[in-house]
Amino acid sequence: MIGAGKIKQYSNILEKPLSKGKQEVSLSAFAFLFSELVQYNQTQVDNISELERRLEDAGYAVGARVLELLCHRDKGNRRETRLLGILSFVHSTVWKVLFGKVADSLEKGTEHEDEYMISEKDLLVNKFISVPKDMGTFNCGAFVAGIVRGVLDGAGFPAVVTAHFVPMEGQQRPRTTILIKFAEEVLRREARLG
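Cut-offs used in this document
The numbers attached to residues start from 1 for each chain and follow its sequence in the written order. Local features in this predicted model are restricted to residues of pLDDT 70 or higher, and side-chain atom pairs are both shown and tallied only at a pLDDT of 80 or more, whereas totals for entire chains, interfaces and linings draw on every residue. The side-chain values count all of the structure's non-hydrogen atoms but skip hydrogen atoms and water molecules. Numbering of helices and strands runs from the N terminus; a helix is a DSSP stretch of H or I covering at least four residues, while a strand is a stretch of E covering at least two. The span one expects for a helix is its residue count, reduced by one, times 1.5 Å. Two axes define the bend at a residue: one fitted to the seven residues ending there, one fitted to the seven starting there, and the bend is the angle between them. Contact criterion: two residues are considered in contact whenever any of their non-hydrogen atoms come within 4.5 Å of each other. For every residue, the accessible area obtained with a 1.4 Å probe (protein chains only) is divided by the maximum for its type, and the residue is called buried under 20%, exposed over 50%, and partly exposed between those limits. Axes here mean lines fitted to C-alpha atoms, for a helix over just the part in contact, with angles spanning 0 to 180 degrees between N-to-C directions. In this scheme, roughly parallel covers angles under 35 degrees and roughly antiparallel covers those over 145, while 65 to 115 is roughly perpendicular and the rest are oblique. Note: crossing handedness is left-handed where the near helix turns anticlockwise from the far helix by less than a right angle, and right-handed where it turns clockwise. Three classes are used, and their members are as follows: Ala, Val, Leu, Ile, Met, Phe, Trp, Tyr, Cys and Pro are nonpolar, Asp, Glu, Lys and Arg are charged, and the others, Gly among them, are polar.

Attention now moves to helix α3 (residues 83-99). The end-to-end C-alpha distance of α3, which contains 17 residues, comes to 22 Å, matching closely the 24 Å that a straight helix rising 1.5 Å per residue would cover. Where α3 bends most, the angle comes to about 35 degrees, and this point is V90. Elements in contact with the buried residues of α3: α2 (48-74), β1 (105-108), β2 (115-120), α5 (141-154), β4 (175-182) and α6 (184-193). At the exit of α3 stands G100, carrying a positive phi of roughly 80 degrees.

Our next topic: the environment of L27. Mapped onto the elements, L27 comes out in helix α1 (residues 27-43). Sequence separation between L27 and L124 is 97 residues, and the spatial gap between their C-alpha atoms is 9.3 Å. Residue contacts for L27: discarding those within four places in its chain leaves L124 and F128.

Turning our attention to α2. Counting along an α-helix, one turn takes 3.6 residues, and residues three or four places apart therefore face a common direction. A rise of 1.5 Å per residue sets the reference length of α2, with its 27 residues, at 39 Å; its end C-alpha atoms lie 37 Å apart and thus fit the reference within 8%. All of the buried residues in α2 are L51, L55, E56, G59, G63, V66, L67, L70 and C71.

This part is about the packing of α2 against α5. Between two packed helices, what matters for the description is the angle formed by their axes and the separation of those axes. Contact geometry of α2 with α5 gives a least axis separation of 6 Å together with a crossing angle of 45 degrees. With respect to each other, α2 and α5 are oriented oblique. Where α2 crosses over α5, the handedness of that crossing is right-handed. When α2 is examined against α5, the residues E52, L55, E56, D57, A58, G59, Y60, V62, G63, A64 and L67 are found in contact with a partner set consisting of A142, F143, A145, G146, I147, R149, G150, V151, D153 and G154. For the contact of α2 with α5, the residue count by class is 11 nonpolar, five polar and five charged.

Moving on, we get to the environment of I86. Structurally, the position occupied by I86 is in helix α3. Classification of I86 by relative accessible area gives buried; the value is 1%. C-alpha separation for the pair I86 and F157, spaced 71 residues apart in sequence, amounts to 8.4 Å. Those residues in contact with I86 that sit more than four places away from it in its chain are E80, L152, A155 and F157.

The following block contains the structure:
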């Protein structure tokens, strides 16, 4: 008989592999929920930096959970211990799970040893957002910066993570750069590991 094979049952949802089926959320549903998150937080704050901080805090909680989920499902509860390993994990694996593709670029800062940048030409959280003139440089990328900070902190790589717009020549919309500035202890540990 067709389809009479045995179907594997999972006793726990965390045991299901990520690669089974399409793991996508409707873009319109995400845009609506994210819009509501921004609007709600906007009513609770007095200025733009506070709004970005609240979005970053919301993203931090998502990042911590994404790290746990990916480490459990894909890596057998193993985590990255090296700086370039965790950056590559965020740039490729985490980005692919969250946004369906690898980030556009991962670069080391030229001025400071402790700075790295993940750049995205068209970041999903900024794609459908039109910022009013009175909100100046408000960047919804703060939510993604929070996700990155949550992943890094959970993996033992404390860092200050911020989102910035970077104008691109010949493009109407600027690209979003997630700036990662690692704590001094991370750099000392990396030097010790050689």
